[in-house]
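# Observations on the model geometry
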Amino acid sequence: MKTKRLLAVLTLSLTLGFSIPIYAQETYIDNKCKQNQSLKEDDRFTVFYKSEFKSKRKPYWFYSARYIDGSAIFCISQPGFKKPRSLNELKPIQFNFIDKVTKDPLNQTAFIVVTREGNGSPVPMNEYRLNFVNVNKPTLTKLRTWTSQD
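Residues numbered from 1 in each chain as written. Predicted model: local features only at pLDDT ≥ 70, side-chain atom pairs only at ≥ 80, totals over all residues. Heavy atoms only, no water.

### Thoughts on the pattern of salt bridges
Side chains carrying opposite charge are able to pair once their charged atoms draw close together. Considering all chains together, one arrives at 4 salt bridges under this definition. Here glutamate 89 ties to arginine 85 by a salt bridge, and the two come within 3.3 Å at their closest N and O atoms. Of the residues examined, glutamate 89 reaches a relative accessible area of 40% and is grouped as partly exposed. Judged by relative accessible area, arginine 85 falls into the partly exposed class, the value being 27%. (Salt bridge = Lys/Arg side-chain N within 4 Å of Asp/Glu carboxyl O. Buried < 20%, exposed > 50% of the residue type's maximum accessible area, 1.4 Å probe, protein only.)

Below is the structure:
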């Protein structure tokens, strides 16, 4: 279905001589990490990071989304946003300004999260390892702190 629609759009743009921009749809979640594409702007978080991992042979999604003020929420669910939950126990990173989230190359169940303590510069920055070896009790370890450059 999507291929036919894309082909129709491409054919239309070639026939009429103009192009129609194609955008990837953003994923929205609420403050309880449930996906909901019909939320109003001030009720939604926009997913900016999502990665699948396995813990004890079961697949999970770890994802993070940004609110309109720039703060972020961290969530975990089963694939397809099934049984989502907010990681409220992770106070140092939850609802903070997030500079970067990446998979930890040294650990299959861990992620590296870099926080920014404010929207200006210079501000304190913190790097954490978030480990999901036990998805019911994730651990957060501060790796280092520094000050951002001007």
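We are not done yet, so read on.
### Overview of the state of the cysteines
With the rule as written, the count across this model stands at 1 disulfide. At a sulfur-sulfur separation of 2.0 Å, the disulfide partner of cysteine 33 is cysteine 75. Because the torsion about its S-S bond is -70°, the bridge between cysteine 33 and cysteine 75 counts as left-handed. Of this pair, cysteine 33 sits in the loop between strand 1 (28–29) and strand 2 (45–55) while cysteine 75 sits in strand 4 (residues 72–78), placing them 42 residues apart in sequence. (Disulfide = S-S within 2.5 Å. Helix = DSSP H or I, 4+ residues; strand = E, 2+ residues; numbered from the N terminus.)

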